[in-house]
Amino acid sequence: MTVREAVPRQAGPPETAPLLRVRNLVKEFTVSGGGLLGRPGRFRAVDDVSLEVRKGETLALVGESGSGKSTTARLIARLIDATSGTIEFDGREVHALTGKALHAFRSDVQMVFQDPYSSLNPKHTVERIVTAPLAYQRRPIPGGARAFAAALLERVGLNPDHATRYPAQFSGGQAQRIGIARALAVAPKLIIADEAVSALDVSVQAQVINLLRRLQDEEGFSYLFIAHDLAVVRQIATRVAVMNGGRIVEAGDRDAVFGSPQDAYTRKLLAAVPRIRPEWDAARKRNEQARREREEAEL
Amino acid sequence: MTDALLHVRGLTVGFPAAHGPNEVVKSLDFDLERGGALGIVGESGSGKSMTSLAIMGLLPKGAKRTGSVTFDGTELTALPERAMRSYRGDRIAMIFQDPLSSLNPYYTVGTQIMEAYRSHRTGVTRRQARNVAIAAMERVHISDAAKRVDHYPHQFSGGMRQRVMIAMTLSMEPELIIADEPTTALDVTVQAQILDLLAEIRADTGAGLILITHDLAVVSEVTDHIVVMRDGDLVEQGPAERIFTDPQEPYTRMLLDAVPRIDDEIGLLRTMHTEEGR
């Protein structure tokens, strides 16, 4: 099998260097007593992964449980160390960053997690939560914490007067917006969203997807969007990389991967997604159009 | 009354609260035909799971159930617990989201299927029960069932554990299977296999199915009649095709708009005008 890399073919001159460039990334874990005679074995969670994320785009890393997609995200965020391979962010080798440069990296790359409640300190007010990245960076808060937090909440569609409340006082979708506001506080270049909309009800999920797209349009940052839900990915990705068993089995522009998948596993994955019949959707649109016309005629 | 297998009228579930009872299921009416497949869809807090527990008489302590649930002509709400036990797990079977928490890790899957079977069938020998367990596991396509019957739950993958749970319900030859988010915890390729299996079982045994889920695409593929719930209310019900092609209620229309499609044009997902963030 030829593994096509999640690296876009260079269309123009290389002046548009990617924001993130990952080469031959490997992560092995030691499994105790897994092998014969109880010897510790090596488990390769991420196996020779290469990918790029360009400025302002969304690369979706999709796969099922155990595919290695979340481990890849954690390696890129430097939450764990790689066994081998390189991660370049904004032209610098992430592994080699220390001191101020590492500090800057920690601010440039922000994460949004699946469970908003467990990633927000329940004892802190929203104001303290969303200004925490700045406090950690020992950076002054522009305009003061109160005004800064209120402006952030406004941007993610929350009531700015709620900055003094605690996470438990918000719904799941609202809590996820707080997590997004916190990521925005330090004007990141890359947001790694790890199953960020998976736990949300479908109506709330749609709103958060719309929010994520709007913020990217406004700010121009990039997303590394980790997800198992292909229908969600279709709505948000610029490019898609499919992972299976620690490897990227296929990658390319969204419409190419969804429209003419080349790899057998990608095809199996796409075929397994439950679908509302397109002819039912088409009939619904016709019926809705007719309903609107009827309502307008009655007015 | 039609020849419905299950006939639900005015089903209400309330919990005592300071300001009068807090109703989480409010006066539901619906029927399930013999051999039919009913989907109950809703978001979190809609009361869909409480509805299934109310049918089974498995509500948590303190919950008060009123209304009528008739199964094959018998009023279940009037049955004493002892009599209800001859329906529950026997003629009406239930499959839950998390097979791991429904299986005891200390016993082999075979022992658990056999125990369940023998608790409902008197005068069955261990050998007979073991054969029933193996046959049931073969029917849900667990290969090498004669050997796997002696394995423990942790030796099975998530999808295989859900097959074991389905085998356990099948061993009783139920007339109604209630599946509450049976594939939510599973990977999408495994979900497709389990949904195929449920369809196959319906075709083979003629059992009725109530599928409870948050996933509209899943109900659209599996069920022929749909009940939409929100905040304990039945918002709308009807044949699947009617619900998906001509939804009457604004909430149903909003839900259908919000579902991301894998083969639809890309655009702003339509949501309720009321901004959830506020």
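Residues numbered from 1 in each chain as written. Chains lettered and ligands numbered in written order. Predicted model: local features only at pLDDT ≥ 70, side-chain atom pairs only at ≥ 80, totals over all residues.

**Notes on the overall build of chain A**
In terms of regular secondary structure, chain A is built from ten helices and ten strands. In terms of overall size, chain A behaves like a compact globule, its C-alpha atoms giving a radius of gyration of 21 Å where 299 residues would be expected to give roughly 19 Å. (Helix = DSSP H or I, 4+ residues; strand = E, 2+ residues; numbered from the N terminus. Rg over C-alpha atoms; globule rule 2.2 N^0.38 Å.)

**So, the overall build of chain B**
From N to C terminus, chain B includes eleven helices and ten strands. Relative to the compact-globule value of 19 Å for 278 residues, chain B shows a C-alpha radius of gyration of 20 Å, a close match. Reported as C-alpha extents along the three principal axes, the dimensions of chain B are approximately 60 × 45 × 40 Å. Counting only residues that meet the buried cut, chain B has 42% of its 278 residues in that class. Here the analysis covers contacts within chain B between residues at least 6 apart in sequence; of these, 63% occur between residues at least 24 apart. (Buried ≥ 20, exposed ≤ 12 C-beta atoms within 10 Å, placed from the backbone. Contact = placed C-beta atoms within 7 Å.)

**A look at the interface of chain A and chain B**
With 37 residues of chain A in contact, the opposing surface of chain B contributes 37 residues. Elements represented by at least two residues in the side of chain A that touches chain B include exactly α5 (172–184), α6 (202–219), α7 (230–236), α9 (264–272) and α10 (278–298) of chain A. A total of seven residues in the side of chain A that touches chain B trace back to one element, the largest contributor, which is α6(A).

**What to know about unusual backbone geometry**
A positive phi is found at Asn24(A), a non-glycine position, where the angle reads about 50°. Positive phi outside glycine occurs at Glu173(B), with the angle close to 50°. Secondary-structure assignment places Glu173(B) in the loop between α7 (158–170) and β7 (176–180). In this structure Glu173(B) comes out as partly exposed when scored by C-beta crowding, with 13 C-beta atoms within 10 Å.

**A short note on the pairing of strand β7 (residues 190–194) of chain A**
Residues and elements named next belong to chain A. With five of its five residues buried, β7 lies for the most part within the structure. With burial as the criterion, each face of β7 is covered, one bearing Leu190, Ile192 and Asp194 and the other bearing Ile191 and Ala193. Judged from the five bridges that link them, β7 and strand β8 (residues 222–227) form a sheet pairing that is parallel. Each residue of the ladder has a partner; that of Leu190, found in β8, is Ser222. (Pairing = 2+ DSSP bridges.)

**Side note on the environment of Ala129(B)**
Residue and element names in this part refer to chain B. Here Ala129 lies in helix α5 (residues 126–139). Between the C-alpha atom of Ala129 and that of Thr111, which follows or precedes it by 18 residues, the distance is 9.1 Å. If sequence neighbours within four positions are ignored, Ala129 has contacts with Met114, Tyr117, Arg118 and Val124.

**A look at the pairing of strand β3 (residues 58–62) of chain A**
Residues and elements named next belong to chain A. Extensive coverage of β3 is indicated by the burial of five of its five residues. Burial along β3 is two-sided: the face carrying Thr58, Ala60 and Val62 and the face carrying Leu59 and Leu61 are both buried. Both β3 and β8 contribute to a ladder of five bridges, which runs parallel. Residue pairing across strands places Ala60 opposite Phe225, the latter belonging to β8. Here four bridges tie β3 to strand β9 (residues 239–244), and the two strands are oriented parallel to one another. Counterpart to Leu61 in the pairing with β9 is Ala241.

**Observations regarding the sheet that holds strand β2 (residues 41–53) of chain A**
Residue and element names in this part refer to chain A. Strand order in the open sheet formed by four strands is β2-β1-β4-β5, and the pairing between neighbours is antiparallel. The sheet is open, and its two borders are formed by β2 and β5 (92–93), each paired with just one other strand. Contacts from helix α1 (residues 69–76) reach β1 (20–31), β2 and β4 (84–89), with the element oriented near 115° to β1. (Axes fitted to C-alpha atoms, helices over the stretch in contact; angles between N-to-C directions.)

**As for the sheet that holds strand β8 (residues 208–213) of chain B**
Strand pairing in a sheet is mediated by backbone hydrogen bonds. Such pairs are either parallel or antiparallel. All names here are of chain B. Taken in spatial order, the six strands line up as β6-β7-β8-β3-β9-β10 in an open sheet, and their pairing is mixed. The open sheet has two edge strands with one neighbour each: β6 (92–95) and β10 (233–239). Taken over all neighbouring pairs, the strand axes of this sheet differ in orientation by 15° on average, direction set aside. By the bridge criterion, four bridges tie β6 to β7 in an arrangement that is parallel. Directly across from Met94, in β7, lies its bridge partner Ile178.

**A look at the nonpolar core**
Judged by nonpolar contacts, the single largest core of 159 residues is most densely connected at Ala60(A), Leu224(A), Phe225(A), Val233(A), Val242(A) and Ala133(B). Residues within four places of Leu224(A) in sequence aside, it is in contact with Val53(A), Leu59(A), Leu61(A), Ala73(A), Ile76(A), Leu190(A) and Ile192(A). (Core = buried A, V, L, I, M, F, W, Y, C linked by C-beta atoms within 7 Å.)

**Observations regarding the packing of α7(B) against helix α8 (residues 188–205) of chain B**
All names here are of chain B. Put simply, α7 and α8 touch, their axes get as near as 10 Å, and they point 15° apart. As far as their axial angle goes, α8 and α7 are roughly parallel. You can see that α7 and α8 cross each other, and the crossing is right-handed. Facing Gly158, Gly159, Gln162, Ile166 and Leu170 of α7, the residues of α8 in contact are Val190, Gln193, Ile194, Leu197 and Ile201. (Parallel < 35°, antiparallel > 145°, perpendicular 65-115°, else oblique. Left-handed = near helix turned anticlockwise from the far one by under 90°.)

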